[in-house]
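Per-entry structural report
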Protein chains: 4
Amino acid sequence: MSDLLGVAVLGAGHMGADHVRRIGTTVGGARVVAVADPDTARAEAAVAGRAGVSVHGDALAALAAPGVRAALVASPEAAHEEVLLAACARGLPVFCEKPLTPDAASSFRVVEAEARLGRRLIQVGFMRRYDAEYAALKSLLDSGHLGRPLMLHCRHRNVASPPHFTSEMLISSSVSHEIDAARWLLGQEITAVTVLRPTPSGDAPQGLLDPQLVLFETSGGALVDVEIFVNCGFGYEVRCEAVCERGSAQVGDDRAMAVHFTGQARQDVAQDYLVRFADAYDREVRAWVTAARSGGAAGPSAWDGYAAAAVAEAGVRALREGSRVTVELAERPGLYG
Amino acid sequence: MSDLLGVAVLGAGHMGADHVRRIGTTVGGARVVAVADPDTARAEAAVAGRAGVSVHGDALAALAAPGVRAALVASPEAAHEEVLLAACARGLPVFCEKPLTPDAASSFRVVEAEARLGRRLIQVGFMRRYDAEYAALKSLLDSGHLGRPLMLHCRHRNVASPPHFTSEMLISSSVSHEIDAARWLLGQEITAVTVLRPTPSGDAPQGLLDPQLVLFETSGGALVDVEIFVNCGFGYEVRCEAVCERGSAQVGDDRAMAVHFTGQARQDVAQDYLVRFADAYDREVRAWVTAARSGGAAGPSAWDGYAAAAVAEAGVRALREGSRVTVELAERPGLYG
Amino acid sequence: MSDLLGVAVLGAGHMGADHVRRIGTTVGGARVVAVADPDTARAEAAVAGRAGVSVHGDALAALAAPGVRAALVASPEAAHEEVLLAACARGLPVFCEKPLTPDAASSFRVVEAEARLGRRLIQVGFMRRYDAEYAALKSLLDSGHLGRPLMLHCRHRNVASPPHFTSEMLISSSVSHEIDAARWLLGQEITAVTVLRPTPSGDAPQGLLDPQLVLFETSGGALVDVEIFVNCGFGYEVRCEAVCERGSAQVGDDRAMAVHFTGQARQDVAQDYLVRFADAYDREVRAWVTAARSGGAAGPSAWDGYAAAAVAEAGVRALREGSRVTVELAERPGLYG
Amino acid sequence: MSDLLGVAVLGAGHMGADHVRRIGTTVGGARVVAVADPDTARAEAAVAGRAGVSVHGDALAALAAPGVRAALVASPEAAHEEVLLAACARGLPVFCEKPLTPDAASSFRVVEAEARLGRRLIQVGFMRRYDAEYAALKSLLDSGHLGRPLMLHCRHRNVASPPHFTSEMLISSSVSHEIDAARWLLGQEITAVTVLRPTPSGDAPQGLLDPQLVLFETSGGALVDVEIFVNCGFGYEVRCEAVCERGSAQVGDDRAMAVHFTGQARQDVAQDYLVRFADAYDREVRAWVTAARSGGAAGPSAWDGYAAAAVAEAGVRALREGSRVTVELAERPGLYG
């Protein structure tokens, strides 16, 4: 199928392997044609025997592999700049996991290279923008319905930090998501930062300044406060409340976006089953494809279809006759055990 | 790619067209190779110019088209039996939208045909089983943690019923979802049905008995009540509360499954970002593939990556120095408007 | 204070003793002047040494005690009829805990006695009508905003049933609350009853049909279903969802009344601190009165008032100067430990 | 009743008049015997014709009125110091609305006067401590169950600010509630304050710095951030989330306190009807007392008691017979219209 985008995945760690799995299951229109990792055994494992995927120890070699029309960068951040510049040189569209590069100076070199090309090739992996709740919040803020945003209150909590996590990484690795989310939600640049440090939690590793309260001021006069707490113990929680001139909106609170406006707290109710059950439809067809590729079937069976029909018929009789109707099922064939 | 499952989609109406779109975007591992609809213009529209897809006016012809290894049935229910029997005869795995067929007798003929084959080829489109909340509820009930289920309280509401919807269809078309969900959640057959009819809503079409309260008794002594209300006016709502010997669990209430147990109402908190943001990761890579197939990029740009790096650097300084740090950005290249 | 209503409390069990406590703490305008219980020691215990309260073994004697201007009946239901008729004969207003009497025939004799008087003297203790959420629901239904009510879905759960609770008492003692609530909310009489019985919970006492699903039809064509489950194990839960022609409203779900209407789920947000903190204001003044009657003070102290003033002053300086301001407190006198 | 505490209410404005109403309705054990206000007509209006209450233009005269055993101060804050010192001199217990006095220096003079007495006479009106949710939060924090508190996130929003409200009053008048709540919840003093000011809302009065973000550091190393927004337009909202070493707890969010701990979000479920319906029991008896003082009755009638008994009897028959039972009611006497 020449219309499938041939992708080189660079880096076969946790995220890279997950992206290899993603392309071909929940993402259509593309196929992985090359995987690179200095640890080629790890690259092989990520490929998992798929036909037609070349494995490389060197990222640049993978970019040059046959069929590669785009690259997905999931290697350690120190390796990003070289591969991004190489992809630009080849004119390859590239998806780069965050951060773009480890520091602002090297990031700006990438910006300059792309700007010289005069067209965009790079997408950075700030995935909050693709979360349904964040997208709803962005859309609401852009509508102007609540007036101008004045403050964003953000919470970002992890169960426990990975080994070797430093106090600086609470900002550079974790809060970087809120940095992008705030810039995107507000459509403003951040102009100043202040960090407040309470006495650290006794459950955080010795020496780690955890939690912190990070305050951003923006070019439009808004204020953003971010609680970052990477050893909270109880869960992964990401919340954002936007406080605007005439209302507030909150996402990430275990329920649909809640909007407070004119004396009421409101949440949208789905209007359509294709919306409410969009994921379920996707999952059922994925499950079917998996079984069908092996020539068989799983999930709700013909027997289930028959039983539903028999009950529905009894129900229609009960409706018409206004009385209790018993359901008589045929004997269940052994196949449906 | 010979490893992609070739699928014939039979019926190119609302659901059929949606399945054609689904295969190739959010469902991997398969491609549509044939589409059939008596209205071939509609079939052409669903195909939308994809290469390598044959269009047919006759469903059986589509089943016989080159490359077809499986079939997805989304045609009117009266047409299901013939095509299901034909697929069985060819040994083709088939996904069949609900209902299996229009009545119990014809459904049982399909069951018998499959049973004679001795292996399952048919999956019926009861998609509730693939909804994350229903799956969580099923898993909880199966765990036995709350004891034996005693009752299910179900609500099924639509904004408005389509034209020509009859009082019987509230049961045979709408409640059929709850029939399967109840059988599946409880692992029991339904043994009797009673239907109660309040005075219909003045907002329902003249003559339509809407809403109804449908009561099911099950082989295990459980009780299921279903409010079906297809002209509720305000939204599409599907809820289910399972009342067990030692607790209850509720899904569909605009928030995560709520479990009431030993004096507390509880909801799970996500433990991992790959879980919490699973959909966002899928969506961002889909968006990237779409842009990359046209040779470009969209979404978070290299400039966004640079700005995030610059703010993070200022944040790390603010942390170290304990003071407010201003952020200095380079001039934004015109490319990033 | 001759303007305080002198009340005879008849019955000094759990509810009676609670009413004695209530009159004089959270209910003003009245005082208990007589308490009656066949177990006079229990009556004495309920009085707890209050001055000016006479204790009686006989209810009718208590009605005749000096200063009695009204009666509160909290005795066993078998004793209600006699004392209600006696109160009517004396023209005494009477509050009677539910049920009015043990059966319809005796209840109707009470109705006839009051009707002969030609004016109302009796209030029955259906306290749901005084719950803030039920009152909000009643007010919403009466407004007609959601159209005509079509169904009420009620849940009534207790942790465990008391000893000697029978299957019939699930209806006559527990569901009687929903009977009154449904009649009141709908403004209609109940015209028919059906009771469905799933296999009882294994955690219910042997032989008790628990839970049950009780169905009421009403004079206005509405339908009411009540889950009664008196050994649910996890809590006391009372919920009601009213499904109307153009929306639904739910109370008792651990949060404010939720109204589903025109595509949204809505809850009111308080507009005023006297509303939001009405109970807190009541409680703080009650706490103060209790301490002041002993000549002293408790709760927030003058030191707390001083510390708040000192912090507020520092806050105002921080606002004006745009910088961090430290708070200097005087030494705390020993009195405030 | 000589055991009722005689109270002088000083100040008959909004709060003072509300306290006069409160004493004698929802607060027992006390009665108002004197009311003072420079505007004696306003004082008369607050008294509303109650017998035995003297009216004064001068607060000190009211303190000296016959029967006064305690004072409630609801006059303008500039008048507090004089009357507090006078009450101390007389040994009168006194409840003083917040703030104690307008500034720290005068507040400390009151502290010193009380400290010289050697016993507490003064309670300040920080009523948050008496809110059921705040009390639950305090109790949870004191239990140590979630570990040490690290941060408090507070929101304090009003629909609109009163006339003449200044930027400083956002702190001195509004945030003063959070100052006390934070000190009380944490059991720590506040040691430093910082105030951040986003661009004010366009809906705030010209020149008012609204909203603000106020940051408190405490003697125990905790951090408190307070959003104060007095022209939010949509409601009165007071929320507090305590983030602790091993969990978080949130109050004020339109539902019961939510605790996040070990992978779950939890809320307590009431265990007892006297808890769940405590307010309803109070309200029904208050309503009865009001009607009974006029010699009559309101609320649920004997007819309601009879109808409930008749339906319950039919329900018991339906349970026993397993069938639908119709309810036959006697004719309703005209009295019950």
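Every value quoted in this text rests on a predicted model; they were computed, and no experiment measured them.

The rules we used
- Residues numbered from 1 in each chain as written.
- Chains lettered and ligands numbered in written order.
- Predicted model: local features only at pLDDT ≥ 70, side-chain atom pairs only at ≥ 80, totals over all residues.
- Heavy atoms only, no water.
- Helix = DSSP H or I, 4+ residues; strand = E, 2+ residues; numbered from the N terminus.
- Rg over C-alpha atoms; globule rule 2.2 N^0.38 Å.
- Contact = heavy atoms within 4.5 Å.
- Areas by Shrake-Rupley, 256 points an atom, 1.4 Å probe, with all protein chains shown as cover.
- Lys, Arg positive; Asp, Glu negative; His and termini not counted.
- Charge placed at Lys NZ, Arg CZ, Asp CG, Glu CD.
- UniProt positions renumbered as here; feature names shortened; annotations may be inferred.
- Salt bridge = Lys/Arg side-chain N within 4 Å of Asp/Glu carboxyl O.
- Buried < 20%, exposed > 50% of the residue type's maximum accessible area, 1.4 Å probe, protein only.
- Pairing = 2+ DSSP bridges.
- Axes fitted to C-alpha atoms, helices over the stretch in contact; angles between N-to-C directions.
- Least-squares fit on C-alpha atoms with pLDDT ≥ 70 in both.
- Buried area = accessible area lost by both parts, 1.4 Å probe.
- Polar contact = N/O pair within 3.5 Å; in protein donor to acceptor, adjacent residues only side chain to side chain.
- Nonpolar A, V, L, I, M, F, W, Y, C, P; charged D, E, K, R; others polar.
- Domains from an automatic or database assignment.
- Expected span 1.5 Å × (residues − 1).

The subject of this paragraph is the overall build of chain A. A tally of helices and strands in chain A yields 10 helices and 15 strands. For 337 residues, the compact-globule formula gives about 20 Å, and the C-alpha radius of gyration of chain A, at 26 Å, lies well above that figure. The dimensions of chain A, computed from C-alpha atoms along their principal axes, are 75 × 60 × 45 Å. Look at the contacts in chain A between residues 6 or more apart in sequence, and 61% of them connect residues 24 or more apart. Roughly 11400 Å² of accessible area belongs to chain A as shown, and the carbon and sulfur atoms make up 52% of that amount. With 32 positive and 40 negative side-chain charges, chain A shows a spacing of 4 Å between the two charge centroids.

This part is about the UniProt feature "domain: Gfo/Idh/MocA-like oxidoreductase C-terminal" (unreviewed entry) in chain A. In the numbering used here, UniProt assigns the feature "domain: Gfo/Idh/MocA-like oxidoreductase C-terminal" (unreviewed entry) to residues 138-327 of chain A. End C-alpha to end C-alpha, residues 138-327 of chain A measures 51 Å, and it is 34% helix and 28% strand.

Any two side chains of opposite charge can pair, given that their charged atoms come close. On inspection of all chains with the given rule, the structure shows 108 salt bridges over all chains. As a salt-bridge pair, E237 of chain B and R239 of chain B come within 3.0 Å of each other at their nearest N and O atoms. The pair formed by E237 of chain B and R239 of chain B is uniform in burial state, with each residue classed as buried. E217 of chain C is the salt-bridge partner of R324 of chain D, the closest N and O atoms lying 2.6 Å from each other. In this pair, R324 of chain D sits in the loop between α10 (302-321) and β15 (325-326) while E217 of chain C sits in strand β9 (residues 212-218), so the two residues belong to two different chains. A relative accessible area of 48% places R324 of chain D in the partly exposed class. If you follow the salt bridges from partner to partner, you end up with R129, D180, R183 and E189 of chain A together with D304 and R332 of chain B in one network.

Here we come to the sheet that holds strand β2 (residues 30-36) of chain D. All names here are of chain D. Read across the open sheet, the 6 strands follow the order β3-β2-β1-β4-β5-β6; overall the sheet is parallel. Of all the strands in the sheet, the pair left with one neighbour each is β3 (54-56) and β6 (122-124). Neighbour-to-neighbour, the strand axes of this sheet turn through a mean angle of 25°, independent of strand direction. The pairing of strand β5 (residues 94-96) with β6 spans 3 bridges and is parallel. Bridge pairing in β6 links F95 to Q123.

Attention shifts here to the UniProt feature "domain: Gfo/Idh/MocA-like oxidoreductase N-terminal" (unreviewed entry) in chain A. This chain's UniProt record puts "domain: Gfo/Idh/MocA-like oxidoreductase N-terminal" (unreviewed entry) on residues 6-125 of chain A. Strand forms 21% of residues 6-125 of chain A and helix 39%; the C-alpha atoms that close the span are 19 Å apart.

This part takes up the pairing of strand β9 (residues 212-218) of chain A. Residues and elements named next belong to chain A. Among the 7 residues of β9, 7 are classified as buried, and the element is accordingly described as predominantly covered. Sheet analysis places strand β8 (residues 190-196) next to β9, joined by 6 bridges and oriented antiparallel. Within β9, the residue paired with L196 across the bridge is L213. Here 6 bridges tie β9 to strand β10 (residues 223-229), and the two strands are oriented antiparallel to one another.

All right, on to the relation of the copies chain B and chain A then. Aligned on chain A, chain B shows an RMSD of 0.1 Å; the corresponding rotation is 180° and the shift along the axis is 0.0 Å. What the superposition gives is, in effect, a two-fold axis relating one chain to the other. A symmetric contact is evident, with 100% of the interface residues of chain B recurring at the interface of chain A.

We now examine the interface of chain B and chain A. Taken together, the contact between chain B and chain A spans 141 residues of the former and 141 residues of the latter. Contact with chain A buries area across many residues of chain B, yet R120, W288 and L319 of chain B alone supply 7% of it, more than any other trio. Taken together, chain B and chain A are joined by 14 salt bridges. In this structure, R332 of chain A and E189 of chain B form a salt bridge, with 2.8 Å as the shortest nitrogen-oxygen distance. The interface formed by chain B and chain A contains 56 residue pairs in polar contact (both at pLDDT 80 or more). Ranked by the residues each element gives to the side of chain B that touches chain A, the list is headed by helix α10 (residues 302-321) of chain B, at 18 residues. Its residues assigned to classes, the side of chain B that touches chain A shows 76 nonpolar, 28 polar and 37 charged.

Residue position: M151 of chain A is located in strand β7 (residues 149-157). Taking relative accessible area as the criterion, M151 of chain A reaches 1% and is therefore assigned buried. Residues M151 of chain A and C244 of chain A, 93 residues apart in the sequence, show an inter-C-alpha distance of 7.0 Å. When neighbours within four sequence positions are excluded, M151 of chain A is seen to be in contact with L223, E241, A242 and V243 of chain A together with P198, P211, Q212, L213 and E227 of chain D.

Along its sequence, chain A is carved into domain 1 (5-125), domain 2 (129-268) and domain 3 (300-337). Each of domain 1 of chain A and domain 2 of chain A has a C-alpha centre, and these two points are 29 Å apart.

Glancing now at the interface of chain C and chain D. Between chain C and chain D, the contact holds 141 residues from the first and 141 residues from the second. The junction of chain C with chain D conceals about 12300 Å² of combined surface from both sides, 64% of it contributed by carbon and sulfur atoms. Summed over the three residues of chain C that lose the most area to chain D, namely R120, W288 and L319 of chain C, the buried surface amounts to 7% of that side. Between D304 of chain C and R183 of chain D there is a salt bridge; the shortest N-O distance is 3.0 Å. Remark: the boundary between chain C and chain D carries 56 residue pairs in polar contact (both at pLDDT 80 or more).

What follows concerns helix α5 (residues 104-117) of chain C. The end-to-end C-alpha separation of α5 of chain C is 20 Å, in line with the 20 Å expected for 14 residues at 1.5 Å each. Looking only at α5 of chain C, the buried set comprises A104, S106, S107, F108, V110, V111, A113 and E114 of chain C. For α5 of chain C, the secondary structure elements touched by its buried residues are α4 (80-90) and β6 (122-124) of chain C together with α10 of chain D. Residue D103 of chain C occupies the N-cap position of α5 of chain C, its side-chain oxygen lying 3.2 Å from the main-chain nitrogen of A105 of chain C. Following α5 of chain C by one or two positions, G118 of chain C adopts a phi angle in the positive range, close to 85°.

Quick look at the pairing of β8 of chain A now. Of all 7 residues making up β8 of chain A, 6 are buried, and the element is well covered by its neighbours. Direction of pairing for β8 of chain A relative to strand β15 (residues 325-326) of chain B: antiparallel, over a ladder of 2 bridges. When the sheet's bridge partners are listed, A192 of chain A is paired in β15 of chain B with T326 of chain B.

Residue and element names in this part refer to chain C. Direction vectors running N to C along helix α6 (residues 132-143) and helix α7 (residues 169-186) enclose 35°, while the axes themselves pass 9 Å from each other. Contacts from Y134, A135, L137, K138, L141 and D142 of α6 reach α7 at A181, W184 and L185. Taken together, the residues that form the contact of α6 with α7 break down as 7 nonpolar, no polar and 2 charged.

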